[in-house]
Amino acid sequence: LNGFPSGLITTDLNIFIDGNLVIGDINSSSISGGNHYSYQFPYVKADGVIQVQVFNASDKAGNDANASYSFTVDTGPPTSLSISLPDFTNTSKPGISVSASDAFGIAKMTFACTDAGLSSGTEVNYSTSHSDFNILSGPGCSGGDGTKTVFVKFKDNAGNVSSSVSDSTVYDTIKPETPTITSGPSASGSTVTLGWSAPSDGSGSGINNYKVYRGTSNTFSSSSLVASPTGTTHTDTGLGDNTYFYW
């Protein structure tokens with residue numbers, strides 16, 4: 001208890017916790033150096049907000065000094081932990097979604113590619129989305145394509161640290177091979193059907209879809225895109241008469 005005038009009549013110093021009188025007399029052994037008074041709580045309180053009030057402190061001249069203060073007791077770490085990475089990525093800093101719960105708020109979080117690496121990770125402010133962790137060069141991480149696992153732990157405003165949770169993504173920077181057209185274009189009226197063989201993607205993430213472009217010359221732009229099929233055939237309809245088309 002700081003800021004009270006020196007020379008208090010200590011037997012008049014009453015301390016209340018959550019409205020309950022816990023002490024009415026502070027003996028001289030509790031007083032140290034001028035206007036500093038110390039007091040140790042007589043019991044352990046469950047987590048929550050504690051209201052401390054000091055009343056009827058007066059010096060020998062009759063000047064009163066009253067005060068109140070509240071603080072939070074929080075002994076439990078964050079819970080309901082989660083982390084989510086995209087299934088596949090070609091960037092070393094993929095978007096990471098996280099969440100945690102704490103009655104008194106989450107302050108910090110730490111990322112690493114191994115659970116042990118969290119001890120050397122850098123704390124960042126808590127946010128439910130994070131895109132600045134490098135899955136190739138972060139603590140415990142390794143370079144090259146392949147499966148990358150990311151761990152995270154959380155710290156609440158009282159300094160309690162959670163356990164860790166993790167999720168994985170496949171880091172893939174290798175382009176698929178070029179597909180080979182195996183049929184078509186076979187025309188029937190204003191409809192053309194194309195077919196091609198599925199190319200290899202090596203040890204990558206696998207083929208997601210194909211891009212089919214059409215134009216009246218063999219030079220294509222993004223505006224020439226007509227379809228993004230997931231299979232190896234495409235039927236193009238509504239074509240004009242007496243016109244050469246390229247795919």
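The model shown is predicted, which means the values in this text are computed figures rather than measured ones.

## Thoughts on the pairing of strand β17 (residues 233-236)
Then comes step 1: Where burial is concerned, the two faces of β17 differ: the one with H234 and D236 is buried and the one with T233 and T235 is not.
Then comes step 2: The sheet contact formed by strand β14 (residues 191-197) and β17 spans 4 bridges and is antiparallel. Residue pairing for β17: G195 is matched across the bridge by T233.

## Some remarks on the sheet that holds strand β8 (residues 106-112)
Then comes step 1: Strand order across the open sheet formed by 5 strands is β6-β12-β11-β8-β9, with mixed pairing between neighbours. At either margin of the open sheet sits one strand with a lone partner, and together these are β6 (88-89) and β9 (124-125).
Then comes step 2: Of the pairings in the sheet, the one linking strand β11 (residues 146-156) to strand β12 (residues 165-171) comprises 7 bridges and is antiparallel in character. Residue pairing for β12: K148 is matched across the bridge by T169.

## Side note on the confidence of the model for the chain
Any residue range with low pLDDT should be treated as having predicted coordinates unsuitable for detailed reading.
Then comes step 1: For the chain, the mean per-residue pLDDT works out to 82, and 70% of the residues sit at or above 70.
Then comes step 2: Scored below 50 in pLDDT, residues 1-5 makes 18 contacts in the model with residues more than four places away or belonging to other chains.
Then comes step 3: In the model, residues 27-36 has pLDDT below 50 throughout and makes 15 contacts with residues more than four positions away in sequence or in other chains.

## Things to note about the sheet that holds strand β5 (residues 79-84)
Then comes step 1: Read from one edge to the other, the open sheet built from 3 strands follows the order β5-β7-β10, with strand pairing classed as antiparallel. At either margin of the open sheet sits one strand with a lone partner, and together these are β5 and β10 (129-130).
Then comes step 2: As paired strands, β5 and strand β7 (residues 96-101) are joined by 4 bridges and run antiparallel to one another. The residue of β7 that forms the bridge with S84 is S97.

## Concerning unusual backbone geometry
Then comes step 1: Even without being a glycine, S80 presents a positive backbone phi close to 50 degrees.
Then comes step 2: Within the secondary structure, S80 is located in strand β5.
Then comes step 3: You can call S80 exposed: its relative accessible area is 56%.

## Quick word on the pairing of β12
Then comes step 1: Two elements, β6 and β12, share 2 bridges in a ladder whose sense is parallel. Residue F88 lies in a different strand from β12, and its bridge partner there is V170.

## Quick word on the pattern of salt bridges
Then comes step 1: For the coordinates displayed, the defined rule picks out 3 salt bridges.
Then comes step 2: The shortest N-O distance in the salt bridge between K93 and D132 comes to 3.1 Å. Within this pair, whereas K93 is found in the loop between β6 and β7, its partner D132 is found in the loop between β10 and β11, the two being separated by 39 residues in sequence.
Then comes step 3: Owing to a relative accessible area of 52%, D132 belongs among the exposed residues under this scheme.

## A look at the state of the cysteines
Then comes step 1: The full count for this structure, using the stated rule, is 1 disulfide.
Then comes step 2: The disulfide bridge from C113 ends at C141, spanning 1.9 Å between sulfur atoms. On the sign convention where negative means left-handed, the S-S torsion of about 80 degrees between C113 and C141 marks this disulfide as right-handed. Here the residue C113 occupies a position in the loop between β8 and β9, and C141 occupies one in the loop between β10 and β11, the gap between them amounting to 28 residues. Each of the two residues, C113 as well as C141, counts as buried.

Definitions and limits used
Residues numbered from 1 in each chain as written. Predicted model: local features only at pLDDT ≥ 70, side-chain atom pairs only at ≥ 80, totals over all residues. Heavy atoms only, no water. Buried < 20%, exposed > 50% of the residue type's maximum accessible area, 1.4 Å probe, protein only. Helix = DSSP H or I, 4+ residues; strand = E, 2+ residues; numbered from the N terminus. Pairing = 2+ DSSP bridges. pLDDT = per-residue confidence, 0-100. Contact = heavy atoms within 4.5 Å. Salt bridge = Lys/Arg side-chain N within 4 Å of Asp/Glu carboxyl O. Disulfide = S-S within 2.5 Å.

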